[in-house]
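Here is what each chain is made of, one letter per residue.
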Amino acid sequence: MKIQFIAILLLATTKTLYGQYGKSTSTHQQIVEQTDAIYDNLVKIRRDLHENPEVSTLEKRTSKIVAEYLRKLGLEVKTNVGGYGVVGTLKGGKKGRKIAWRADMDAIKTEEPDVVDFKSKNKGVRHICGHDVHTTIGLGIANILSQQKENLEGTVYFIFQPAEETFTGAKDMIKDGLFEIIKPDEIYGLHIVPEASGVINVKANELFAYQKSLEIKFKPGTNEKGLENFMNTILNSFVRTIKQEGSPWEIINKISDPKIGLTNKETIFNDYFILQGARLNTNNGVTFYKADFLETDVKKVNSIPLEIKKQILNSKYKDAFISIEYSKDYSGTPINDPKLTKISTKILRNRYNKDMVKQLYGQIPFFGEDFIFYQQKVPGVFFLLGGSNIQKGISSMPHTPNFAVDETTIKYGVQSFAALILERANSK
Ligand SMILES: [Zn+2]
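Think of each chain on its own: its residues are numbered from 1, step by step along the sequence as written. Residue-level local features of this predicted model are given only where pLDDT is at least 70; pairs of side-chain atoms are given and counted only at 80 or more, and the full residue set underlies all totals for whole chains, interfaces and linings.

To continue, consider helix α8 (residues 298-313). Note on helix geometry: an α-helix contains 3.6 residues per turn, so any two residues three or four positions apart are oriented the same way. Over its 16 residues, α8 extends 24 Å from the first C-alpha to the last, a length consistent with the 22 Å expected when each residue adds 1.5 Å. Think of it this way: the bend at a residue is just the angle between two axes, each fitted to seven residues, one set ending at that residue and the other starting at it. In DSSP terms, a helix is any run of H or I states spanning at least four residues, a strand is any run of E spanning at least two, and both are numbered starting from the N terminus. Of all bends in α8, the biggest is about 35°, found at isoleucine 304, and the proline proline 305 comes one to four residues later. Expected helix span is given by 1.5 Å per residue-to-residue step, counting one fewer step than there are residues.

Right under this line is the structure:
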């Protein structure tokens, strides 16, 4: 996950623990026991990955560990897909649906010291976005579903993706033929967030705000100061702020607030336009005006360039105008298939403590994910899994210096999503 500012600490306000299970089946009880049995080993794997973090596109060691683990489980494994991407295929005992699970593997450059005992040995690189945990959960799910092979109808694909932080890994894997190697009917994945360990957040459609970068070109010789002021006025007219004062990290700290945060229908994180930056530059005789913004409404994302063009063409700058376009091809937000979101929420709630699965409203600002590139090809759902523990002083706000994860979330993640995938694969 990419995040667009440096936050200090996020408070996880939810105090919940996995309690008694809901409607439990014997298969499900088995999954819980099998997960318990591999948990200590998964923690060891996670700590090893944490001690040996690798930045985007250089995940050589991590991908080797992943490929070896999957091979030992008996999966068909393909390596070096779109860089260090690994794809594992698990065929069930009978025919059924084909389900993909995606985990990302890369770490981040940071000079901030590690806050855990099993510190990064790779100077200047750390897992402060939880991808070591995502990778471990992916391996855990593969392990459990291999043990459940006889009960599995259909096929499960495991995608271990490099370079998520640079927004290039998913695209590169797809370009390298991912969907020729695998043909999933559905795809799922998760990211660690600062909710209590084990809490699963779900939301249909857009999970985050759209992140867009506009580039408008003008002919040289224009009054640059006047043009910049004119463009700034247009861009500022789109601003609809989040009704909360403060800097970005103060605002984002409120996402877990029960009154105004994402679990409340009346959340403040609904319907906003945040102008993140705008500037005018001249390069090789062409004047560029660039603006970066967050917008929640896709209709506005589509209409804003047309609206700006109209205003320029009605102004004294009309003869200087050359073009206007979005300079990046990603939207930044996962877009969850509404039907699959509903089905998977129901499955997760029936299998586990109902209160641990929370419906979200609004859209999280500043977060970005390249999972959307898979969802453009295959319907799927991206979940947010809590990794914080306020009693232990653990805050899992991605990209913050104090980022840490309560490792119990590995257990919750593995058992919840192994059960979900099994049920989806076996569904008619
Ligand atoms: Zn991330």
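The next point concerns unusual backbone geometry. The backbone phi angle of phenylalanine 167 is positive, close to 60°, even though this residue is not glycine. Structurally, phenylalanine 167 can be placed in the loop between β7 (153-161) and α4 (169-175). The class for phenylalanine 167 is buried, based on 20 C-beta atoms found within 10 Å. Located in the positive-phi region is phenylalanine 366, a residue other than glycine, with phi close to 75°. Among the secondary structure elements, phenylalanine 366 is positioned in the loop between β16 (357-359) and β17 (367-368). A residue is called partly exposed when the number of other C-beta atoms within 10 Å of its own lies between 12 and 20, exposed at 12 or fewer, and buried at 20 or more, with C-beta atoms placed from the backbone.

For helix α9 (residues 338-351), which comprises 14 residues, the first-to-last C-alpha distance of 20 Å matches the rise-based estimate of 20 Å (1.5 Å per residue) to within 8%. Every buried residue of α9 is listed here: Thr341, Ser344, Thr345, Leu348 and Arg351. Relative to the axis of α9, the buried residues are bounded by an arc of 140° and lie together on one face. Away from its buried face by more than 90 degrees, α9 exposes Lys339 and Lys346. Contact criterion: two residues are in contact if their C-beta atoms, reconstructed from the backbone, are within 7 Å. In the core, the buried residues of α9 are packed alongside α1 (26-51), β9 (200-202), β15 (335-336), β16, β18 (380-388) and α11 (408-425). What the arc covers is the set of directions going from the helix axis to the C-beta atoms.

By themselves, these observations are geometric and do not establish any function.
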